[in-house]
Amino acid sequence: MKGIWFTEMESGKLATSYKVKKILHQETSKYQTIEMFDTEMFGRMLVNDGAVMTTVKDEFVYHEMITLPALNTHPNPKNVLVIGGGDGGTIREIVKHPRVEKATLVEIDERVIEVCKQYLPETSLELDNPKVTVLVDDGIKHVQEKKDFYDVIIVDSTDPVGPAVGLFSKEFYQNVFDALKEDGIFAAQTESPWVYQDFINKIFKEIKSIFPITKLYTAAIPTYPTGLWSFTMGSKKYDPEKVDRTQIVDTNTRYYTADLHYSCFKLPRFIQDILE
Ligand code: AG3
């Protein structure tokens, strides 16, 4: 294949390649390698430690789906926390929501924020919004220190290897539970059901042992390995599938809709089986 290609390797077993128009940035931060490519198929692409984090063309799917099912399930999501997500896409969707008053981003790697402010204005544009506080800090520590504080917590992490491992542990989920108010909701990205069956089974059970209402949902994301992605929601009080339709706000989305709010929880049988 001619020209420059970037290949993401998944578990040493699957390779997905993208034709690169231009290498815009490459560095090694304190935590990881950070690369920005301009790709032919998906536009500018952020890659951390060799894994695609987000691209201009398909980022809306992930950022709408990691935030809006939880935000629209909560009747009053005033105070929202995002752990990870230094590109700002998750924050952008949150501040669009009319019931949100304050959003806090806790990102461990300052360089991700800076590189995205320079090369990904599409996702990072709301990081300077007056409703938003950006903290360069460890999200694990942050939730340990907060009690009964947030309405919604979104964990926008990378894969469960390297710096993000602690964001997929039972202790962490318990701290998230305690950092939420009595009717709080948590949502996290939980990887591909084609690759991470045992992992999804384990963390789903852990979250379920802590949160009274625990649900997995999926979205189709072309630039994450296998293209099918899962998210897990843990809720103390509100059931996302029983939300009154009038509570679902139309925030000018491109993937999420009120119908999809309910249908994303309807799982194919092989995914239901993973959760058993
Ligand atoms: N969230 C990354 C999800 C995991 C992608 N995994 C992979 N490509 N192997 C990135 C942050 C987006 N705001």
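Residues numbered from 1 in each chain as written. Predicted model: local features only at pLDDT ≥ 70, side-chain atom pairs only at ≥ 80, totals over all residues. Heavy atoms only, no water.

1. Let's talk about the sheet that holds strand 4 (residues 43-48)
The condition that has to hold: Two strands are said to pair when DSSP picks up at least two bridges between them. Counting from the N terminus, the helices are the DSSP runs of H or I reaching at least four residues and the strands are the DSSP runs of E reaching at least two. Axis lines are fitted to C-alpha atoms, over the contacting stretch for helices. Their N-to-C directions set the angle, which ranges from 0 to 180 degrees. By the convention used here, residues are in contact when the closest approach between their heavy atoms is within 4.5 Å.
Read across the open sheet, the five strands follow the order 1-2-3-4-5; overall the sheet is antiparallel. This sheet does not close on itself; its edge strands, each paired only once, are strand 1 (4-10) and strand 5 (51-55). Pairwise comparison of adjacent strand axes, ignoring direction, gives a mean angle of 50° for this sheet. One ladder, built from seven bridges, connects strand 1 with strand 2 (residues 14-28); its direction is antiparallel. Residue pairing for strand 2: Glu8 is matched across the bridge by Thr16. Against the sheet, helix 3 (residues 110-119) touches strand 2, strand 3 (33-39) and strand 4, its axis set at about 90° to strand 2.

2. Quick notes on the domain arrangement of the protein chain
What counts is decided by this rule: For each domain, the first and last residues come from an automatic or database assignment. Throughout, buried area stands for the accessible area (probe radius 1.4 Å) lost by two parts on being put together, summed over both. Only one rule defines a salt bridge in this text: a Lys or Arg side-chain nitrogen within 4 Å of an Asp or Glu carboxyl oxygen. N or O atoms within 3.5 Å of each other form a polar contact, as long as, within protein, one can give a hydrogen and the other can take it, and as long as residues adjacent in sequence are counted only when both atoms are side-chain atoms. When residue character is reported, Ala, Val, Leu, Ile, Met, Phe, Trp, Tyr, Cys and Pro are called nonpolar, Asp, Glu, Lys and Arg charged, and the others, Gly included, polar.
One can read the domain layout of the protein chain as domain 1 (4-53) and domain 2 (59-275). Between domain 1 and domain 2, the contact holds 21 residues from the first and 21 residues from the second. Three residues stand out in domain 1 for area buried against domain 2, namely Glu10, Tyr31 and Arg44, and they jointly supply 28% of the buried area on that side. Glu27 is paired through a salt bridge with Arg111; the nearest N and O atoms lie 2.7 Å apart. Joining domain 1 to domain 2, the criterion identifies eight residue pairs in polar contact (both at pLDDT 80 or more). Element by element, the count of residues in the side of domain 1 that touches domain 2 is highest for strand 2, at five residues. Looking at the side of domain 1 that touches domain 2 residue by residue, the classes come out as eleven nonpolar, five polar and five charged.

3. Some points on the site of the ligand
Formally: Throughout this document, a residue counts as near a molecule or strand when at least one of its heavy atoms sits within 4 Å of that molecule or strand. Shrake-Rupley sampling with a 1.4 Å probe provides the accessible areas, and residues are treated as covered by the protein chains on show and by no other component.
Within the structure, the ligand sits among 15 residues, and Glu8, His63, Asp87, Asp156 and Asp159 are positioned closest to it. A distance of 2.8 Å is found between a nitrogen atom of the ligand and a side-chain nitrogen or oxygen belonging to His63. Here a nitrogen atom of the ligand and a side-chain polar atom of Asp156 are 2.8 Å apart. If the ligand stood free it would expose 400 Å²; the protein chains cover 99% of that surface. Listing elements by their share of the shell around the ligand, those giving two or more residues are strand 1, strand 5 and helix 1 (59-73). It is strand 5 that provides the largest number of residues to the shell around the ligand, a total of three residues. Residue composition of the shell around the ligand, by class: seven nonpolar, three polar and five charged. Split by domain, the shell around the ligand shows at least three residues from each of two domains, domain 1 (4-53) and domain 2 (59-275).

4. A short note on the packing of aromatic side chains
Applied cut-off: Here a pair means two rings of Phe, Tyr or Trp (six-membered ring of Trp) with centres within 6.5 Å. Their orientation is stacked below 30 degrees between planes, edge-to-face above 60, and tilted elsewhere. The rule is simple: take the accessible area with a 1.4 Å probe, protein chains only, and divide by the maximum for that residue type; under 20% is buried, over 50% is exposed, in between is partly exposed. By the criterion adopted, a ring carries a charge over it if an Arg CZ or a Lys NZ lies within 6 Å of its centre and within 35 degrees of its normal.
Considering all chains together, one arrives at 16 aromatic pairs under this definition. Arranged with centres 6.0 Å apart and planes meeting at 55°, the rings of Phe172 and Tyr173 form a pair that is tilted. A single burial state applies to Phe172 and to Tyr173, both of which are buried. In this arrangement the basic side chain of Lys57 is found over the ring face of Phe42, its NZ or CZ atom lying 6.0 Å from the centre.

5. Some words on unusual backbone geometry
Here the phi dihedral of Ser11 falls at roughly 50°; this positive angle occurs in a residue that is not glycine. Tracing the backbone through its elements, the reader meets Ser11 in the loop between strand 1 and strand 2. Phi at Asp49 takes a positive value of approximately 50°, unusual for a residue other than glycine. Assignment of secondary structure puts Asp49 in the loop between strand 4 and strand 5. Residue Asp49 is classed as partly exposed on the basis of its relative accessible area, which comes to 45%.

6. Digging into the environment of Arg44
Looking at where Arg44 falls in the secondary structure, it is placed in strand 4. A C-alpha to C-alpha distance of 9.2 Å links Arg44 and Lys22, two positions 22 residues apart in sequence. Only 2.8 Å separates the side chain of Arg44 from the side chain of Glu122, close enough to count as a polar contact.

7. What to know about the sheet that holds strand 6 (residues 79-84)
Strand order in the open sheet made by the seven strands is 8-7-6-9-10-12-11, with mixed pairing throughout. The sheet is open, and its two edges are formed by strand 8 (132-136) and strand 11 (213-220), each paired on a single side. For this sheet, the mean angle separating the axes of adjacent strands, direction not counted, is 15°. Two strands pair when backbone bridges link them, and strand 9 (residues 150-156) and strand 10 (residues 180-189) are joined in this way by five bridges, in the parallel orientation. Note on strand 10: the bridge partner recorded for Ile153 is Phe186. With respect to the sheet, helix 1 is in contact with strand 6, strand 9, strand 10, strand 11 and strand 12 (228-235), its orientation differing from that of strand 9 by roughly 160°.

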